[in-house]
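Geometric and topological summary
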Protein chains: 2
Amino acid sequence: MNISIQSAEPAEIRALCRTGAFAGQTAGLANGYVQTNLMIVPAEYAFDFLLFCQRNPQPCPLVEVLEPGCFAPACAKGADLRTDVPGYCVYRNGVLTEQPEDIRAYWRDDLVGFMLGCSFSFENALMREGIALRHVDQKTNVAMYKTNLACHSAGCMRGNMVVSMRPIKAADVSRAVQITARYPRVHGAPVHIGFPQGLGIADLSKPDFGDPVPLMDDELPVFWACGVTPQYIAELSKLPFCITHSPGKMLVTDLKNEEFV
Amino acid sequence: MNISIQSAEPAEIRALCRTGAFAGQTAGLANGYVQTNLMIVPAEYAFDFLLFCQRNPQPCPLVEVLEPGCFAPACAKGADLRTDVPGYCVYRNGVLTEQPEDIRAYWRDDLVGFMLGCSFSFENALMREGIALRHVDQKTNVAMYKTNLACHSAGCMRGNMVVSMRPIKAADVSRAVQITARYPRVHGAPVHIGFPQGLGIADLSKPDFGDPVPLMDDELPVFWACGVTPQYIAELSKLPFCITHSPGKMLVTDLKNEEFV
């Protein structure tokens with residue numbers, strides 16, 4: 001299985017998710033293809049959430065938004081949003097209550113699916129340009145932190161931005177900014193560089209999400225807006241009901257990263 | 001009045017609109033500042049319209065979207081959407097019924113205001129780079145055409161794109177593309193160049209909106225996505241109620257064109 005999934009095309013990965021044969025992390029799979037964060041909210045909150053994304057494009061870069069009740073995204077041919085993600089999180093009143101591998105039993109005609117860009121796209125670009133990423137080398141999840149950067153609120157949605165941090169060699173920081181700036185639809189350029197206290201982060205060794213990663217003497221901590229932000233905001237805003245992908249288990253689309261430049 | 005309005009700052013122009021002292025076209029006013037198209041729809045259609053804009057960013061580039069009932073945009077300090085535009089169009093079931101200079105009597109708590117980028121921003125940039133625009137020199141409205149380019153539909157909103165056409169010297173076309181491509185938030189690069197039939201336009205001398213403009217032998221017709229599209233779509237979609245700015249009478253904001261690069 002491991003060998004076949006590593007070389008699988010997007011549609012094959014989605015089919016393996018659908019049958020339950022694959023329920024793992026999608027990092028490193030379907031190289032070159034866009035993977036997306038998923039947020040599903042009831043129609044009565046869809047305007048607020050869409051407006052929140054429109055006002056906060058760095059943490060919430062929209063790839064596709066579906067009509068109420070629709071689970072067939074255009075960016076992934078033949079896909080079913082309810083089955084083709086390796087794992088889901090169901091939240092009720094801001095509390096994680098269930099983690100199913102299939103959400104057909106939860107589906108309602110008033111649910112609206114939002115697919116948001118994910119950092120895997122720009123990480124691919126950084127690595128292709130010779131900028132190593134320690135969490136990838138260590139096979140851990142990227143370190144993520146709550147910050148003091150307020151997002152622009154929208155309706156009932158309000159809260160601060162979550163950022164991901166990658167240690168980058170000082171000599172490479174300028175290039176890392178330029179490379180990721182080319183991908184505004186997948187978080188774009190960093191939001192902050194080199195001074196965690198400026199974001200209200202007291203201790204880099206204690207991330208709020210993901211795994212800590214050591215910082216070397218010749219490296220700066222570089223912070224990008226993170227796709228966990230909308231999930232964190234939905235929790236804070238105590239949405240009565242929402243469904244997200246499970247962390248690290250993304251929807252693999254048919255879009256190429258290069259189309260996102 | 002003409003002299004003072006020509007040199008007026010954005011807040012002064014808005015104040016003159018508010019008192020009724022100015023109700024004219026805003027082309028050429030407040031040079032260097034962003035002017036916006038306006039669309040106001042009831043909250044029950046706001047998700048569909050926001051989704052339509054998200055799916056069609058070239059004709060519908062969002063500058064700001066307000067909360068339901070709010071008429072104080074952040075991009076224009078102290079402004080009131082109900083009074084600070086020189087003129088408005090009220091549509092009922094897709095039919096233009098009234099053209100008031102003030103919409104306070106029409107305001108409702110469920111109305112949602114959308115402000116969309118306008119071509120004045122990129123026209124400024126073109127002229128600054130030495131590319132003359134005939135409709136500006138002739139002091140006429142730009143020529144606009146319905147096309148066969150289908151917009152991505154969203155909910156009840158569906159229809160084809162409207163484009164504006166500017167004759168550009170063949171030697172300048174490449175530069176005009178590059179200059180306007182820098183402004184994706186105000187329609188961006190052209191959608192079509194040189195072949196009106198390819199857009200389903202039979203006769204350039206008969207625009208669907210605005211005024212015809214002659215084309216010289218050494219010029220190509222260059223077509224940009226046009227901010228009239230959302231109004232045209234709202235008409236086609238027979239929205240029960242919506243309010244737009246009156247053609248050519250834009251909201252003058254405090255945003256600088258240069259912030260939009």
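Whatever comes next refers back to the structure up there.
Residues numbered from 1 in each chain as written. Chains lettered and ligands numbered in written order. Predicted model: local features only at pLDDT ≥ 70, side-chain atom pairs only at ≥ 80, totals over all residues. Heavy atoms only, no water.

Residue and element names in this part refer to chain B. At Asn 93, a residue that is not glycine, the phi angle is positive and equals roughly 50 degrees. Tracing the backbone shows Asn 93 in the loop between β3 (88–92) and β4 (95–98). Residue Asn 93 is classed as partly exposed on the basis of its relative accessible area of 48%. With phi around 85 degrees, His 187 is a residue other than glycine that occupies positive phi space. (Helix = DSSP H or I, 4+ residues; strand = E, 2+ residues; numbered from the N terminus. Buried < 20%, exposed > 50% of the residue type's maximum accessible area, 1.4 Å probe, protein only.)

As a further point, take the sheet that holds strand β9 (residues 219–225) of chain A. All names here are of chain A. Read from one edge of the open sheet, 4 strands run β6-β7-β9-β8, paired in antiparallel fashion. Unpaired on one side and paired on the other, β6 (143–150) and β8 (192–193) mark the two borders of the sheet. Of the strand pairs in this sheet, strand β7 (residues 160–169) and β9 are connected by 7 bridges, and their pairing is antiparallel. Each bridged residue has a counterpart across the sheet, and for Arg 166 the counterpart in β9 is Val 222. Lying on the sheet, helix α6 (residues 173–181) is in contact with β7, β8 and β9; it crosses β9 at an angle near 15 degrees. (Pairing = 2+ DSSP bridges. Contact = heavy atoms within 4.5 Å. Axes fitted to C-alpha atoms, helices over the stretch in contact; angles between N-to-C directions.)

Quick look at the sheet that holds strand β8 (residues 192–193) of chain B now. Residue and element names in this part refer to chain B. What the 4 strands build is an open sheet, ordered β6-β7-β9-β8; its pairing is antiparallel. With one partner strand each, in any of the chains shown, β6 (143–150) and β8 form the two edges of the open sheet. Sheet topology places β8 next to strand β9 (residues 219–225); 2 bridges connect them, and they run antiparallel. The residue of β9 that forms the bridge with Ile 193 is Val 222.

Before going further, it helps to examine the relation of the copies chain A and chain B. Superposition of chain A onto chain B requires a rotation of 180 degrees combined with a translation of 0.0 Å along the rotation axis, giving an RMSD of 0.0 Å. When the rotation and shift are considered jointly, the pair of chain copies conforms to a two-fold rotation axis. Within chain A, Phe47(A) has its C-alpha nearest the rotation axis, a separation of 2.4 Å. (Least-squares fit on C-alpha atoms with pLDDT ≥ 70 in both.)

On to the nonpolar core. Soluble globular proteins: nonpolar side chains tend toward being buried together. Membership of the largest hydrophobic core comes to 72 residues, with the highest contact counts inside it found for Val41(A), Phe47(A), Phe114(A), Val41(B), Phe47(B) and Phe114(B). Discounting chain neighbours no more than four positions away, the residues touching Val41(B) are Ala46(B), Phe49(B), Asp110(B), Leu111(B), Val112(B), Phe114(B), Leu239(B), Phe241(B) and Cys242(B). (Core = buried A, V, L, I, M, F, W, Y, C linked by side-chain atoms within 4.5 Å.)

What is shown is where atoms sit, not what they do.
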